[in-house]
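Now for the letters of each chain:
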Amino acid sequence: MGLPLAVMFATNGKRVCALDVDPDRLASISTGKMPFKERGCEPLLARALQDQSLFLSLDPAIASQADVVLIVVGTPVDRHLNPELAPLKTLLESYFKFMNDGQLIVLRSTVYPGTTDKLKSWISERGVDVELAFCPERISEGNAVEELRTLPQIVSSYSAEGLRRCRELFSSLGCEIVETEPIEAELAKLFSNVWRYTLFATANQFFMLANDHDADFYRIYHAMTYKYPRVQSMPKAGFAAGPCLFKDAMQLAAFNNNRFYLGHAAMLVNEGLPNYIVARLQARFDLASKTVGILGMTFKADSDDIRDSLAYKLRKILLFESHAVFCSDPYIRDPDFVSSGELLRRCDVIVLATPHGEYRALQIPDDKIVVDIWNFWEGGCRI
Ligand SMILES: NC(=O)c1ccc[n+]([C@@H]2O[C@H](COP(=O)([O-])OP(=O)(O)OC[C@H]3O[C@@H](n4cnc5c(N)ncnc54)[C@H](O)[C@@H]3O)[C@@H](O)[C@H]2O)c1
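Residues numbered from 1 in each chain as written. Predicted model: local features only at pLDDT ≥ 70, side-chain atom pairs only at ≥ 80, totals over all residues. Heavy atoms only, no water.

Attention shifts here to the nonpolar core. Grouped burial of nonpolar side chains is what soluble globular proteins tend to show. In terms of nonpolar packing, the biggest core is built from 65 residues, with F207, F239, I294 and I373 touching the most fellow members. Excluding anything up to four places from it in sequence, I373 contacts F207, Y218, A237, G238, F239, L273, I277, L352, C381 and I383. (Core = buried A, V, L, I, M, F, W, Y, C linked by side-chain atoms within 4.5 Å. Buried < 20%, exposed > 50% of the residue type's maximum accessible area, 1.4 Å probe, protein only. Contact = heavy atoms within 4.5 Å.)

Below, the discussion takes up the site of the ligand. Residues in close proximity to the ligand total 22 residues, the closest being M1, D20, T75, Y95 and K247. Between the ligand and K247 there is a distance of 2.6 Å, counted from an oxygen atom to a side-chain nitrogen or oxygen. Contact between the ligand and R307: an oxygen atom at 3.1 Å from a side-chain N or O atom of the residue. Isolated, the ligand exposes 840 Å² of accessible area, and the fraction of that covered by the protein chains is 80%. Of the residues contributing to the shell around the ligand, the split by class is ten nonpolar, four polar and eight charged. (Near = heavy atom within 4 Å. Polar contact = N/O pair within 3.5 Å; in protein donor to acceptor, adjacent residues only side chain to side chain. Areas by Shrake-Rupley, 256 points an atom, 1.4 Å probe, with all protein chains shown as cover. Nonpolar A, V, L, I, M, F, W, Y, C, P; charged D, E, K, R; others polar.)

A word on the packing of aromatic side chains. Tallied over the entire structure, the rule returns eight aromatic pairs. Here F207 and Y276 contribute two aromatic rings whose centre-to-centre distance is 6.4 Å and whose plane-to-plane angle is 75 degrees, an arrangement assigned as edge-to-face. Residue F207 is located in helix α8 (residues 182-212), and its partner Y276 is located in helix α11 (residues 261-284); the two are separated by 69 residues in the primary sequence. Accessibility expressed as a relative area gives 0% for F207, which makes it buried. Pairing F217 with Y218 gives two aromatic rings, centres 5.0 Å apart and planes at 70 degrees, and the pair type is edge-to-face. Of the residues examined, Y218 reaches a relative accessible area of 5% and is grouped as buried. Here the aromatic cluster, defined as three or more aromatic residues joined through ring pairs, consists of F207, F217, Y218, Y221 and Y276. Positioned above the aromatic ring of F285, the side-chain terminus of K290 is 5.5 Å from the ring centre. (Phe/Tyr/Trp six-rings, centres within 6.5 Å; stacked < 30°, edge-to-face > 60°. Helix = DSSP H or I, 4+ residues; strand = E, 2+ residues; numbered from the N terminus. Lys NZ or Arg CZ within 6 Å of the ring centre and 35° of its normal.)

Where α8 meets helix α10 (residues 245-255), the closest approach of the two axes is 9 Å, and the angle between their N-to-C directions is 120 degrees. Considering the angle they form, α8 stands oblique to α10. Along this stretch, α8 crosses α10, giving a crossing that reads as left-handed. Here I183, L187, L190, F191, N193, V194, Y197 and F200 of α8 come into contact with α10, specifically with L245, F246, D248, A249, Q251, L252 and F255. (Axes fitted to C-alpha atoms, helices over the stretch in contact; angles between N-to-C directions. Parallel < 35°, antiparallel > 145°, perpendicular 65-115°, else oblique. Left-handed = near helix turned anticlockwise from the far one by under 90°.)

Of note, the phi angle at D214 is positive, near 55 degrees, even though the residue is not glycine. As for its position among the elements, D214 is in the loop between α8 and α9 (217-225). Overall, D214 belongs to the exposed group, its relative accessible area being 51%. A positive phi angle, near 50 degrees, is found at N257, a position not held by glycine. Summarising the element assignment, N257 is placed in the loop between α10 and α11. Looking at N257, the relative accessible area reads 58%, which means it is exposed.

Okay, empty space enclosed by the protein next. Applying the stated criterion across every chain, the model contains two cavities of 30 Å³ or more. Computed from the structure, the largest cavity encloses a volume of approximately 50 Å³. Along its surface, the largest cavity is lined by F239, T298, F299, K300, A301, S309, L310, A311, A353, T354, P355 and W374. Here the second largest cavity defines a volume of roughly 40 Å³. Every residue lining the second largest cavity is listed: R108, P136, E137, R138, I139, E147, L148, L151, P152, Q153 and I154. Mapped onto the lining of the second largest cavity, the elements with two or more residues apiece are α6 (144-150) and β6 (153-157). Of the residues contributing to the lining of the second largest cavity, the split by class is six nonpolar, one polar and four charged. (1 Å grid on protein atoms, 1.4 Å probe; cavity = no way out; pocket = protein on both sides within 12 Å on 5 of 7 lines; lining within 4 Å. Points joined across faces, edges and corners; volume = space filled by probe spheres on them.)

Keep in mind these values describe shape, not function.
So this is what it looks like as structure tokens:
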């Protein structure tokens, strides 16, 4: 998330340093190549590097020269599904010596509520007089260039001057500004992600419920949504995963002393979908003798991001339960993967895990068992 933001600030008149600890990633970015798919970003990156509005650094001391420092590091949950708070503190510890009075420090990562207040007290304990702000990133991967220009930016800070500087910073992108308190901004970000996560879970639960009663969810879906405005926002069923939704639901649950039944229920439903698919296949035929192909391994369509993709969970279960598993993804280089053509030839069962646009034209032989939980090929889905 940091890189597209840096590119967009550089494109809109700021001088920006992208500071990271990963030398390989910076080396690759320095050639003007985006390290991941982000629509429309690569030409802007190349131009920003060329006109030196953007430069790259591995040296944390560079932070001392900035008027504004944005923190956009990962904020995962641990194996107990609790937020990892220590890495952010460690990061801050390592940057304290480079903070100067008068700087604006903007926390951009999605955080456990109350983290901005904690940062404020850690900073004031050090006697550094900076403005602190929390301005969450709300774009969806792949759409950063468009969305950083158009999505309103939620900004929060602890003083009128902090807010003024946030407004000045983000309005340079051309977007509207919404001001809140830090805790409101933290919750607005988490609520937004968890709202989506629970919607996906609702669709997934409906899908499983219908399927368990020998009904095709997509015939029901059509009947429900056809010219009926009140349910237009219902998503289709499908794998709901990735680096944000799951862990943000768990952050919110941890924040509420694990009494977030809706969030936990959504997690169980969404994370249980691969298990459900396998269980249903087993109920239908002797899965142990079948070769299964998984089409699409990234966490969402037309992306090259495999982080927390449920396609990998599906593969893991199938490696145990089926005869053999083949995986394919046009955006992932993995020596163990095969082309979609080879996968179709060699597999008895085809599961569409990620509906990449280019799969639209695939010709699937009639003798294959197809699991299209997304109804991507519009043939419905009964497992
Ligand atoms: N991925 C999304 O779609 C998305 C969308 C909105 C918000 N977010 C939030 O944005 C934040 C960042 O997510 P991401 O997907 O970009 O994470 P990421 O792990 O891809 O990127 C984080 C970067 O920070 C670097 N880094 C780590 N420690 C550092 C340090 N001490 N100094 C400098 N750089 C350091 C890493 O090397 C890495 O390049 C998270 O809080 C996430 O929840 C993500």
